[in-house]
Every structure is written in structure tokens, then in C-alpha cells.
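# Observations on the three-dimensional arrangement
Spelled out, the chains give:
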Amino acid sequence: MTKLSRREFLASTAAAMAAGPFISTSSMRARAQESRKLGFAICGLGKLSTDQIAPALMKTKHCRLAGIVTGTPAKAQAWQAKYGLDTRSVYSYDTMHRMAENRDIDVVYVVTPNALHARDTIAAAKAGKHVFCEKPLEISVERCQQMIDACRQAGRMLGTAYRCQFDPHHLECIRLARERVFGAPNIIQAGFAIDVGEPGQWRLKRELAGGGALMDVGIYALQATRYLSGEEPVLVSAVETKTDPRRFAEVDESMVWTTRFPSGVVAYCSTSYKAGGIQNLRVNADDGWFELDPAFFYGGNRGRRSDGKEIRYPQIDLFAAEMDDFAQCILEGRPTKVPGEEGLRDVRIMQAIYESARMSRAVSLA
Ligand code: NAD
């Protein structure tokens, strides 16, 4: 990890001393830790990194851009110029092991195609870095487990970038569900669909994407049913359909699925690469309901409750919030609420959804 700069050390020490004569050395150390920013290296400089993650990093309180990993020299040059990075902060996918010598980098944020997440996470862990990885964690349970094992062996944290878990709208829905504000939830409905756009992209190739709409955006609906019910599904039943089998030859175009949870809560969900516009979440409970529509945007989500009240919060940068939280977890030595294991659970359920659709029967997860 990066050492504290002299200025950061003096500032935090002065703050600790000002707090009074009885402050312990360990709380001084804790405050010094809190005041420093962790260095993030972004691995994979595509659309999400360029348009969302890098700008969000500039807004964080506990993180700073300390490196990049790319296979494209022109991108490296552009990012170096834009963010003032020196050449020793630039890596290719083949030279990530050299990060071990770079104490400026604490965390690698993996933003490559789904099926490359294990490769990049394991390289980062071997170089002694914590890893924050985009969703889906990987394309199979086995690969997710390898990532978890690699980080554990290196003594580093692995986080899954589930931004909705930091959205105040979703957090409020979790509160309404857990506190039984409208009684016990009974049916949860969630859907997320987009128009995937150009043919030829990695999202339509099984080898790189692992799956289609379900792996890419349906995962948000699945996640929501788990954190809203607070339970793990025990049974799943799915139907897949393709209206454009040529374009979606390798991956799922549209999928609908239902899951049953141990308490009896049922969820029904949908996802598609051809039906942009579905973007919602609704919890029906014994004495009322609440919903978000839109539910899964980067910003602008909003919702309603059956008592007529709105669910609406000021927009925050979800990418900044999740990076700051991960950095604070590392600095304070506490677990993240989105560990690699959480990413693995969704991949396991998605594999069962695919199996159910393929076999035309319900699949038990118990
Ligand atoms: P993208 O295609 O825009 O970027 C992918 C990057 O990976 C590119 O820079 C590309 O050059 C690089 N790459 C390295 N090896 C590659 C290879 N063999 N083939 C293709 N590209 C390769 O994709 P993106 O939209 O930035 O998505 C990246 C990851 O982020 C995916 O896992 C995706 O699921 C996730 N994502 C998350 C969100 C979110 O809201 N959290 C949104 C979009 C994407």
C-alpha cells in the first residue's frame, strides 16, 4: 500500500492531538489511515471506464487514479495526457505482474469483458493488489471461485461492483422490505432490458460474454430479488426466447424466470437485449406495495409507495460511492457488503436459470 505522504501524516496527527490528551496510538493510526486515498488502477479502458469510472474516481474522497492497464498504446497515451499519469503507471495485460513493484497502486478495478475477469483479477492478486471487479464476477462458478481463492491467498480483498447496492433508492426499498413497513413481502417483480446495439461486439460472443442479456443486465433484477427478500432462492424456472436467432446465435436474447425463496416469497423477472424500456422493480407485500421505475439507471431512478409517498433522493454518483466504500473497507479493515462470494452466488443462480431454460424444467438450488 502507498505510504502516507508527510502532509497527510502531519494533518492526521495534528487532528488526533487536537482531539485531546487521552487519544490512543491506535486511534491516531486509524485517523491517519482514514485521511489517505487509495491508488486505483483501471484495467480495461472501454466505454464504462472512460465514461463513468474515471470521471467518478475524480469525485471520490478515498481514491485516486494511480494506474491503467490496456492493450492499446493510443488509449494509454490519451489517458496519460488527460489524467497526468507517468509511464510507470501504465501496464498491459501481460505486464500486470510488475505492479508488485508499484506501491502507488492499492486496488485494481477490473473492467474487461466478463470472461477475462478471472485472468485480470488473478494477475492483480498475484501482484499483491486488492481487486474490485465489474459484474458479472465471471462466467462460471469455477472461475469465480478461482478469483476468490487467489485474493484470499494473497491476503487481499475482492469486491463485486454492484452499484445498485449503493443507490439510496434501492437502500430505501431494502429498508421498507426488512422493516415490514407494508407487511411481509410476498411477490417481487424485477425487469431490466436494453437494446444491445451493434453486431460484432464481445457482448454477443459466448466466449467473452458467457451469456447475453441475463449475464449483462438481467443480473441486476436477480440481485434485487435477493437483497429485497433477504433470502437465497431455492427453486428457479426459466424460459428463453429468440426473435432474432442469427444476431443472438451465441447468447440469450430474452429470458424470463421465476424464483421461489424459503419463506414462500416468489420473484418473477425478465431481461432482454431487444426490449429497451423495461427498467423496473416492485415489491408486493401483505399490506401494500412499493416500486422503482426506472430502477437501474446510473442516475434518475425514482419510485412510489402504496401510501402515496414518493421514493426520491438526490442523485449521487454510484461509481464514486462504491469505490469510496471499497477503499474505506480496506482502510478500516472491515468486510465489504459486495464480496466476491456475492458475485459467485449470482453466477450460480444464472447457471441454474440457463439450465432450466435448456431443460424446460424447474431447477432446485436448495
Ligand atoms: P467495452 O467493450 O466498452 O470495454 C471493454 C474493454 O476491454 C475495452 O477497453 C477492450 O479493449 C478491453 N479488452 C481487453 N481484452 C479484450 C478482448 N479480448 N476482447 C474485447 N475487449 C477486450 O465494455 P464495457 O461496457 O466497458 O464493459 C466492461 C465490463 O464492465 C463488463 O464486464 C460489463 O459487464 C461491465 N459493465 C458494468 C456496468 C455497470 O453499470 N456496472 C455497465 C457497463 C458495463
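Bear in mind that the values here come from a model prediction, so they are computed numbers and not experimental data. (Residues numbered from 1 in each chain as written. Predicted model: local features only at pLDDT ≥ 70, side-chain atom pairs only at ≥ 80, totals over all residues. Heavy atoms only, no water.)

### Regarding the side chain of Gln279
For Gln279, the position within the fold is in strand β11 (residues 279-285). Residue Gln279 is classed as buried on the basis of its relative accessible area of 6%. Of the polar contacts made by the side chain of Gln279, one reaches the backbone nitrogen of Phe296; its length is 2.7 Å. (Helix = DSSP H or I, 4+ residues; strand = E, 2+ residues; numbered from the N terminus. Buried < 20%, exposed > 50% of the residue type's maximum accessible area, 1.4 Å probe, protein only. Polar contact = N/O pair within 3.5 Å; in protein donor to acceptor, adjacent residues only side chain to side chain.)

### Let's talk about the nonpolar core
Judged by nonpolar contacts, the single largest core of 102 residues is most densely connected at Phe40 and Trp257. Here this core takes 10 residues from helix α9 (residues 213-229), the largest share from any one element. Two domains each donate at least three residues to this core, and these are domain 1 (38-163) and domain 2 (168-314 + 340-364). Residues within four places of Phe40 in sequence aside, it is in contact with Leu57, Cys63, Arg64, Leu65, Ala66, Gly67, Val107, Tyr109, Met323, Phe326 and Ala327. Within the second largest apolar cluster, 6 residues are counted, among which are Val196, Leu204, Phe248 and Tyr273. (Core = buried A, V, L, I, M, F, W, Y, C linked by side-chain atoms within 4.5 Å. Domains from an automatic or database assignment. Contact = heavy atoms within 4.5 Å.)

### Section: unusual backbone geometry
Residues Lys135 and Pro136 are joined by a peptide bond in cis, for which omega reads -15°. Structurally, Pro136 is set in the loop between β5 (130-133) and α6 (141-154). Cis geometry is adopted by the peptide bond preceding Pro294, which originates at Asp293 and carries an omega value of 5°. By the secondary structure assignment, Pro294 is in the loop between β12 (288-292) and β13 (303-305). One non-glycine residue, Arg180, adopts positive backbone phi at about 55°.

### What about the site of the ligand?
Around the ligand, a shell composed of 22 residues is seen, among which Lys47, Asn114, Lys135, Arg163 and Trp202 lie nearest. Between the ligand and Leu48, the relevant distance is 3.0 Å, taken from an oxygen atom to a main-chain nitrogen or oxygen of the residue. At 3.1 Å from an oxygen atom of the ligand is found a side-chain nitrogen or oxygen belonging to His117. Out of a free accessible area of 850 Å², the ligand has 79% covered by protein chains. More than half of the atoms belonging to the ligand lie within 2 Å of the grid points that define the largest pocket. (Near = heavy atom within 4 Å. Areas by Shrake-Rupley, 256 points an atom, 1.4 Å probe, with all protein chains shown as cover. 1 Å grid on protein atoms, 1.4 Å probe; cavity = no way out; pocket = protein on both sides within 12 Å on 5 of 7 lines; lining within 4 Å. Sits in = over half its atoms within 2 Å of the grid points.)

### Considering the packing of aromatic side chains
Each aromatic ring pair is summarised here by two numbers: the centre-to-centre distance and the angle between the ring planes. Applying the stated rule across the entire model yields 9 aromatic pairs. Considering the side-chain rings of Trp79 and Tyr83, the 5.4 Å spacing of their centres and the 45° angle between planes classify their relative orientation as tilted. Placement of both Trp79 and Tyr83 in helix α4 (residues 73-83) is noted, with a separation of 4 residues, approximately one turn of the helix. Three or more aromatic residues joined by ring pairs form one cluster here, namely Tyr109, Phe132 and Phe326. (Phe/Tyr/Trp six-rings, centres within 6.5 Å; stacked < 30°, edge-to-face > 60°.)

### Structural notes on the side chain of Asp216
You can see Asp216 is positioned in helix α9. Relative accessible area serves as the criterion here: at 7%, Asp216 is assigned to the buried category. Only 2.9 Å separates the side chain of Asp216 from the side chain of Arg203, close enough to count as a polar contact. Each residue touching Asp216, except ones within four places of it in the same chain, is listed here: Lys135, Ile194, Arg203 and Tyr273.

### A look at the domain arrangement of the chain
What the domain assignment lists for the chain is domain 1 (38-163) and domain 2 (168-314 + 340-364). Placing the centre of domain 1 and that of domain 2 at their C-alpha centroids yields a distance of 27 Å. Opposite the 21 residues of domain 1 that make contact, domain 2 presents 23 residues. The largest per-residue losses of area from domain 1 upon contact with domain 2 belong to Lys135, Tyr162 and Arg163, which jointly make up 34% of the total buried on that side. One can count 2 salt bridges joining domain 1 with domain 2. For Glu341, the salt bridge is made with Arg152, and the minimal N-O distance between the two is 3.1 Å. Here domain 1 and domain 2 share 9 residue pairs in polar contact (both at pLDDT 80 or more) between them. Where the side of domain 1 that touches domain 2 is concerned, the elements lending two or more residues are α3 (47-57), α6 and β6 (158-160). (Buried area = accessible area lost by both parts, 1.4 Å probe. Salt bridge = Lys/Arg side-chain N within 4 Å of Asp/Glu carboxyl O.)

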